[in-house]
Amino acid sequence: MILYSTNHQSPDVSLEEAVFRGLPPDNGLYMPHVIPTLPASFFENIDKMSISEIAFEVSKALLSDDISEENLKMIVERAIDFDAPVVEIEENTHVLELFHGPSMAFKDFGARFMASLMSYFLQKSQKDIHILVATSGDTGGAVAQGFYKTPGIKVTILYPTGKVSDIQEKQLTTLGENVTALEVDGTFDDCQAMVKAAFLDKDLSSKFNLASANSINISRLIPQSFYYFNAFAELKRKGNTKPVVFCVPSGNFGNLSAGLIAQRMGLPVKMFVAATNVNNAVPNYLKSRKYEPVPSKETISNAMDVGNPSNFIRMRLLAGDAHEQVVSHIAGDFSDDVATRKAMKDVFDRTGYVMCPHTAVAYLGLKSYTDTLSEEVAGVLLSTAHYAKFLDVVEDTLGTEVDVPERLSALLSKEKVAIPMSKEFVDFKKYLLG
Ligand SMILES: *Cc1c(COP(=O)(O)O)cnc(C)c1O
């Protein structure tokens, strides 16, 4: 895979370079020059394949110039070792559950694949790296789990004290081994600024091989295409012949961009729906042609509180660039917290199915689009997190207690280990050098 920068001011790079650099020096995003189409036989047999077999076929088409089939198989099997089931909650409304991985959010797909790929490249070059990551919640948990006990990789996670949920904090602070959590006396923006300053610091970069696990890394995008194919396979197994619509609850739009990659590789998709909360720069762009990023607003679907989505340019290019092309692939919708809570409650009362706030935003986005259609479609809404990660909002909204899976409740009794840190870069640097 050869990748170019969307700003066209940096040279093309190999997959390995793109994975370790993260961002091109001109601050664009890495994009593959060529996205291959999968053969018809793949789609004919897709219903007979498991998710990891599908993942292997998709990665082979994308990455076989960079990695041998044998090694690719090992990388995929190590990363994609959990399922993504499809649950029909109402007629023609299917939930694609992406929360069955170790941190119980869809970011596990990206983080585990990135860890598996990096560790393969490092073994080959006999290098060690130190990953720095700032998190406001879900990313840190997925990255910590993804890289846990990975040889050659040390992970330091910075999180803002008091700003992440109890469960999220425990996911960051109870692993140990090669994962260290720093509890920063500041905001998420402070954490991010400290990480950025570390990457620019000469003393640190001469002593360590620093790397980022940022969500714009191409190795997080690729594995997120796997579950779109897998959902199609599941629907085929259930006898579906209707056109498929995917609704994606979105923040930085990596997830939706991965869906567009699957479509470019030949997956039959009638339409994607970009569903957001009131941070609605993308639905506004789809409607008005104008892209106007704004500062983010706080909502109950807080993993999507993004004012200036970092993958916007990728999404636009993958959907054909010109506005009329983009809207032929993507419809938009947004919901406020009142509507989101009402959807969580209505669906629970009617069907017993519990949705996290992000999932509920997708439910509303799917309905708003399918209500405009005259034909029947198979609607698939992506559920990006297990509801128990947002327990307070969920129980308050539903007016009842809900079950917490053992994997999460067991965390709450574990002891938190975090190093307190000021928000001053000098302290962070001293810590890293010491
Ligand atoms: C990160 C996240 C999102 C947003 O995904 P993007 O790829 O940034 O659009 C949605 N829901 C949950 C639960 C998340 O953690």
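All chains use their own residue numbering, which begins from 1 and follows the written sequence. Reporting in this predicted model follows two pLDDT cut-offs: at least 70 for local features of residues, and 80 or more for side-chain atom pairs to be given and counted; totals over whole chains, interfaces and linings ignore these cut-offs and use all residues. Heavy atoms from the whole structure form the basis of all side-chain values; hydrogens and water molecules are not counted.

Trainee: Help me understand helix α5 (residues 107-125), please; the structure alone is not making it clear to me.
Mentor: Given 3.6 residues per turn, any residue in an α-helix points the same way as the ones three and four places further on. What counts as a helix is a DSSP run of H or I of at least four residues, what counts as a strand is a run of E of at least two, and both are numbered from the N terminus. Between the first and last residue of a helix there are one fewer steps than residues, each counted as 1.5 Å, and that sum is the expected span. Given a rise of 1.5 Å per residue, 19 residues ought to cover 27 Å, and the 27 Å separating the end C-alpha atoms of α5 matches this to within 8%. Two residues or fewer after α5 comes Gln126, characterised by a positive phi angle close to 60 degrees.

Trainee: Is there a simple way to explain the nonpolar core in this structure?
Mentor: Where a protein is soluble and globular, its nonpolar side chains tend to be buried together. Take the buried Ala, Val, Leu, Ile, Met, Phe, Trp, Tyr and Cys residues and link them wherever side-chain atoms come within 4.5 Å; each set so joined is a nonpolar core. Each residue gets one of three labels from its accessible area relative to the maximum for its type: buried under 20%, exposed over 50%, partly exposed in between, using a 1.4 Å probe on protein chains only. Counting 99 residues, the largest nonpolar core has Phe147, Tyr228, Phe229 and Phe246 as the members making the most contacts within it. Residue contacts are counted whenever heavy atoms from the two residues lie within 4.5 Å of one another. When neighbours within four sequence positions are excluded, Phe147 is seen to be in contact with Ala111, Met114, Ala115, Met118, Ile131, Ile153, Val155, Asn178 and Ala213.

Trainee: What exactly am I supposed to notice about the side chain of Glu90 here?
Mentor: Its place among the elements puts Glu90 in strand β4 (residues 86-90). A polar contact is formed between the side chain of Glu90 and the side chain of Arg350, at a distance of 2.7 Å. Those residues in contact with Glu90 that sit more than four places away from it in its chain are Arg350, Thr351, Tyr363 and Lys367. For the purposes of these results, a polar contact is taken to be a pair of N or O atoms within 3.5 Å, where, inside protein, one atom must be able to donate a hydrogen and its partner to accept one; residues adjacent in sequence count only when each atom of the pair is a side-chain atom.

Trainee: When you look at the packing of aromatic side chains in this model, what are you seeing that I'm missing?
Mentor: One pair of aromatic rings is described through two measures. These are the centre distance and the angle between the planes. In summary, the pairing rule links any two rings of Phe, Tyr or Trp, Trp by its six-membered ring, whose centres are within 6.5 Å, and it sorts them by plane angle into stacked for under 30 degrees, edge-to-face for over 60 and tilted for everything else. What the rule picks out here adds up to 15 aromatic pairs. Measuring from centroid to centroid gives 4.7 Å for Phe109 and Tyr227, while their planes differ by 70 degrees, and the two rings are edge-to-face. Note that Phe109 is positioned in helix α5 and Tyr227 in helix α11 (residues 226-237), a separation of 118 residues in sequence. According to the relative accessible area criterion, Phe109 is buried, its value standing at 0%. Given a relative accessible area of 0%, Tyr227 falls into the buried group. With a centroid separation of 6.0 Å and an interplanar angle of 75 degrees, the aromatic rings of Tyr228 and Phe272 are classed as edge-to-face.

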